[in-house]
Amino acid sequence: MNRTLRSLIAADSSTASDPKGCDRHADADLVHYIIVRADLTRGQQVAQAVHAVGESHGGIVHPPGTIAVALAARDQAHLRELYATLVEAGLSPSLIEECDGEAMAIGIPPTRDRQNIRRWVSQLPLVR
């Protein structure tokens, strides 16, 4: 990309100092947590994470700087246990299930209150 085109893009961007929109100095970044099963294949995890984002975004458009966190539950039983805990905590999670009722993933609506979510999911590993 030539210098002139880069300059035009930067000037047109809402964050000219950061053309990618990744300003990490925002007061409170929006965080979207997704939990998928660790016992699924990588392809299944990705597909179910996409479903979880779609079901749990609550109509919120993810602005630049939104943080996505993908966590792993051990298996279906663990995922259902986490879902029940999150519902009880009032977090309005979305449980993603297959047609046969198999639980695959959870999406938690985007939030700026990371402390509240961490209380319930801090023991979960990141998806790897």
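This is a predicted model, so every value here is computed, not measured. (Residues numbered from 1 in each chain as written. Predicted model: local features only at pLDDT ≥ 70, side-chain atom pairs only at ≥ 80, totals over all residues. Heavy atoms only, no water.)

Colleague: Can you walk me through the side chain of H32 in this structure?
Modeller: With respect to the helices and strands, the residue H32 is situated in strand 1 (residues 31–37). Engagement of the side chain of H32 in a polar contact is seen with the side chain of S56, the distance being 2.8 Å. (Helix = DSSP H or I, 4+ residues; strand = E, 2+ residues; numbered from the N terminus. Polar contact = N/O pair within 3.5 Å; in protein donor to acceptor, adjacent residues only side chain to side chain.)

Colleague: It is not clear to me how helix 3 (residues 76–88) should be interpreted in this structure. Could you clarify?
Modeller: An α-helix turns once per 3.6 residues; consequently, residues spaced three or four apart project the same way. Its 13 residues give helix 3 an end-to-end C-alpha distance of 18 Å, which sits within 8% of 18 Å, the value for a rise of 1.5 Å per residue. The elements touched by buried residues of helix 3 are strand 1, strand 2 (67–73), strand 3 (94–97), strand 4 (103–111) and helix 4 (114–121). The residue sitting at the N-terminus of helix 3 and contributing the capping side-chain oxygen is D75; that oxygen lies 3.3 Å from the backbone nitrogen of A77. (Expected span 1.5 Å × (residues − 1). Contact = heavy atoms within 4.5 Å.)

Colleague: I tried to follow unusual backbone geometry on my own but got confused; where do I start?
Modeller: For residues besides glycine, phi is generally negative; the peptide bonds are generally trans as well. Phi is positive for S92, which is not a glycine, with a value near 55 degrees. Within the secondary structure, S92 sits in the loop between helix 3 and strand 3.

Colleague: Where do I start with the pattern of salt bridges in this structure?
Modeller: Opposite charge on two side chains allows them to pair when their charged atoms are near. A complete count under the given rule lists three salt bridges for this structure. We note a salt bridge from R37 to E102, for which the minimum N-O separation is 3.0 Å. In this pair, R37 sits in strand 1 while E102 sits in the loop between strand 3 and strand 4, placing the two residues 65 residues apart along the sequence. Take R37: its relative accessible area is 5%, and that puts it in the buried class. Take E102: its relative accessible area is 26%, and that puts it in the partly exposed class. (Salt bridge = Lys/Arg side-chain N within 4 Å of Asp/Glu carboxyl O. Buried < 20%, exposed > 50% of the residue type's maximum accessible area, 1.4 Å probe, protein only.)

Colleague: Sorry, what's going on with the pairing of strand 4 here?
Modeller: The two faces of a sheet get side chains in turn, since along a regular strand they alternate between them. With eight of its nine residues buried, strand 4 lies for the most part within the structure. Note that strand 1 and strand 4 share five bridges and pair antiparallel. In the sheet register, Y33 faces strand 4, and the bridge partner there is I108. Where strand 3 lies against strand 4, four bridges are found, and the strand directions are antiparallel. Within the sheet, the bridge partner assigned to I96 lies in strand 4 and is A105. Hairpin connection between strand 3 and strand 4: a loop of five residues separates the two successive antiparallel strands, and G101 in this loop has a positive phi of roughly 90 degrees. (Pairing = 2+ DSSP bridges.)

Colleague: It is not clear to me how the sheet that holds strand 1 should be interpreted in this structure. Could you clarify?
Modeller: Strand pairing in a sheet relies on backbone hydrogen bonds, with the paired strands running either antiparallel or parallel. Here we have four strands laid out as an open sheet, ordered 2-1-4-3, and mixed in their pairing. On the outer flanks of this sheet lie strand 2 and strand 3, each paired with one strand and no other. Strand-to-strand, the axes of this sheet are offset by a mean angle of 20 degrees, without reference to chain direction. Contacts from helix 2 (residues 42–56) reach strand 1, strand 3 and strand 4, with the element oriented near 140 degrees to strand 1. (Axes fitted to C-alpha atoms, helices over the stretch in contact; angles between N-to-C directions.)

Colleague: Please clarify how the nonpolar core should be interpreted in this entry.
Modeller: Nonpolar side chains tend toward joint burial in soluble globular proteins. Counting residues in each nonpolar core, the largest one holds 18 residues, and the members touching the most others are Y33, I35, I106, I108 and V121. If you list the elements that add at least two residues to this core, you get strand 1, strand 2, helix 3, strand 4 and helix 4. A per-element tally of this core places strand 2 first, with four residues. Residues within four places of I108 in sequence aside, it is in contact with H32, Y33, I35, S56, L86, L91, I117 and V121. Formed by six residues, the second largest nonpolar core is a distinct cluster that contains I34, A49, I96 and A105. (Core = buried A, V, L, I, M, F, W, Y, C linked by side-chain atoms within 4.5 Å.)

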